[in-house]
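Chains, contacts and geometry: an overview
Single-letter residue listing:
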Amino acid sequence: MALFIILLNFKLVYSQEMKTSSATLEKYIQEGLSNNLSLQQEKFNLEKSYLALKEARDLYHPTVTFQSDISAATGGRKIDLPLGDLLNPVYANLNELNNISNYPQLQNQQISLLPSNYQDTRLKIEAPLVNYEIRCINQFYKEAISEKQAKLNVFKRELVLNIQVAYYHYLQSENVVQVYKNANDLLQENLRYTRILLKNGVGIKSDLLIVQAKISKNNSLLVEARNKAKEAAAYFNFLINKPRASTIEIDTMIYVEKSTDANNESAVNISTLDEINQLKSMIAQTKININKERAYALPQLGFFMDAGVQGTDYRLNADDKYMVGGIQLKWNIYNGSKTSNKIKQARKINKHFN
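What counts, and where the lines are drawn
Residues numbered from 1 in each chain as written. Predicted model: local features only at pLDDT ≥ 70, side-chain atom pairs only at ≥ 80, totals over all residues. Heavy atoms only, no water. Salt bridge = Lys/Arg side-chain N within 4 Å of Asp/Glu carboxyl O. Helix = DSSP H or I, 4+ residues; strand = E, 2+ residues; numbered from the N terminus. Buried < 20%, exposed > 50% of the residue type's maximum accessible area, 1.4 Å probe, protein only. Contact = heavy atoms within 4.5 Å. Expected span 1.5 Å × (residues − 1). Pairing = 2+ DSSP bridges. Axes fitted to C-alpha atoms, helices over the stretch in contact; angles between N-to-C directions. Polar contact = N/O pair within 3.5 Å; in protein donor to acceptor, adjacent residues only side chain to side chain.

This part is about the pattern of salt bridges. Counted under the stated rule, the structure contains eleven salt bridges. Between Glu 31 and Lys 242 there is a salt bridge, with the nearest N and O atoms lying 3.8 Å from each other. With a gap of 211 residues between them, Glu 31 in helix H2 (residues 23-35) and Lys 242 in the loop between helix H6 (205-239) and helix H7 (274-294) connect regions that are remote in the sequence. For Glu 31, a relative accessible area of 23% translates into the label partly exposed. Residues joined in a network through salt bridges with shared partners are Asp 69, Asp 120 and Arg 122.

Next up on the list: the side chain of Thr 24. As for its placement among the helices and strands, Thr 24 is situated in helix H2. With relative accessibility at 10%, the residue Thr 24 sits in the buried group. Other than its neighbours up to four places away in sequence, Thr 24 contacts Tyr 167, Glu 249 and Asp 251.

Before going further, it helps to spend a moment on helix H4 (residues 83-98). Residues spaced three or four apart along an α-helix point in a common direction, a consequence of the helix completing one turn every 3.6 residues. Spanning 16 residues, H4 covers 22 Å between terminal C-alpha atoms, matching the ideal 22 Å at 1.5 Å per step. Residues of H4 that are buried include every one of Gly 84, Asn 88, Tyr 91 and Asn 95, and no others. Where H4 terminates, the next one or two residues include Asn 99, which has phi positive at roughly 55°.

With antiparallel pairing, four strands are arranged side by side in an open sheet as S1-S4-S5-S6. Bordering the open sheet on either side are strand S1 (63-71) and strand S6 (321-330), each of which pairs with just one other strand. Adjacent strand axes in the sheet meet at a mean angle of 20°, parallel and antiparallel pairs treated alike. The pairing of S1 with strand S4 (residues 118-130) spans nine bridges and is antiparallel. Bridged to Ser 71 within S4 is Tyr 118.

Mapped onto the fold, Arg 122 is located in strand S4. Among the polar contacts made by the side chain of Arg 122, one reaches the side chain of Asp 120 at a distance of 3.4 Å. In contact with Arg 122, other than residues within four places in its own chain, are Thr 65, Phe 66, Gln 67, Asp 69, Asp 306, Ala 307, Gly 308 and Tyr 322.

Structurally, Ala 166 can be placed in helix H5 (residues 132-199). Judged by relative accessible area, Ala 166 falls into the buried class, the value being 5%. A sequence separation of 73 residues divides Ala 166 from Leu 239, and the C-alpha atoms of the two residues are 8.5 Å apart. Discounting residues that sit within four places of it in the chain, Ala 166 has contacts with Tyr 235, Phe 236 and Leu 239.

Let's shift gears to unusual backbone geometry. Even without a glycine there, the phi angle at Asn 99 is positive, about 55°. Positionally, Asn 99 belongs in the loop between H4 and strand S3 (109-112). The backbone of Asn 241 sits at a positive phi, close to 60°, despite the residue not being glycine. Counting through the fold element by element, Asn 241 comes out in the loop between H6 and H7.

As a further point, take H7. Across its 21 residues, H7 extends 30 Å between first and last C-alpha, which sits within 8% of the 30 Å expected from 1.5 Å per residue. Listed in full, the buried residues belonging to H7 are Asp 274, Gln 278, Ser 281, Ile 283, Ala 284, Gln 285, Thr 286, Ile 288, Ile 290 and Glu 293.

Without other data, these values stay purely geometric and don't point to any function.
This is the structure:
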C-alpha cells in the first residue's frame, strides 16, 4: 500500500506542466547550441552559401587579365614582294638622269606568315553586359541561403526540444530511482515491523515471506531504474557534446503548476514556419535551375578591351603599342542534347517537390 501511494504521488507530479525558464536548463541549452557538432555543420553550410552568393555576384564584375604570348616559328607559307624588280629600273633611270647615286638598288623581299620571335603582351578587360545565366545563378544562391537559414532554424529548434526532453527524461528517471529507494525504506520498515509481530506470536510467517518478496522485486526494479537513468544521462550528454559520464546538475524547481488554459494559446501562423520556408526555397531553387539551363540558348552580350604591345624580341617602338575594344555577342546554337537533358532533370526534381 505504501508503494502504491508513492507511485501515485509520482504520477501526479509528472502530470503537471514542466517549466521551460529554468536557469539550469537554459545553461545546458546554450552549451548544446555551442558544442553540438551537427549544428556546427549546418552553420558551416550556411556560411558556404553566403560565400557562393558573393562569388556569384562577382560574375557581374569585370575581369582583368595579363597575358603574354611568345612564339617561335619556322617554315610555313610566305609572301613574295618583288620590290627590286619593280623599283630598281626606276631608281637606275633616276640616278642616270640626275647623274647621282642617291637611289639604291633594292632586293626582292619574302615575308613569312609565321613570324619568328614574335611576342604579344597585353592587358585584357572583359565584362558581361547581358547575361541571363549569371542572373539565375545569383537568384539560385539567394534561395539556397534562405533554405539553409530555415534548415538551421529548424535544427536549432529541434535540438533545443531534444535537450529539454532529454533533461526532463533524465529528471524523471532520477525521480523513479528515488521512488524505488523510498519504497525500499518503507518495505524495510515493514519487514522489521512484521518480524516483531512474528516474534511476539501475533503475526504469521506468510506475511514475512510476502514482504521479502516485495523487497526482492523492488530491488530488481531499482536496478532497472538506475540503468535507465544512466542511459538518459548519457543521451543528454551526447546532445550537448559532453563526456558520457559527466555530472548533470538537477534543478529541483523545474516543475510548476499549469497556469494557462489551452484555449488562450496563440495560434500558429503556418506561413512563418521555418519548415514551410525551407520547402518554398527548395521549390524556388528547382525552378531557377530550369531557367538557368534554358539560359544556355539565350544570347550573351559582353564588353572587351585589349591594350598592349607586340613585336619581335621585345624591341619596343612607339608603333608597337596598340589598343582594341568592342562588344562581343555570343549565342550558343547547338550542343547536342546536353541542355535538354539537364532541363529534363531539373523538371523531374521540381515535379518531385511539387
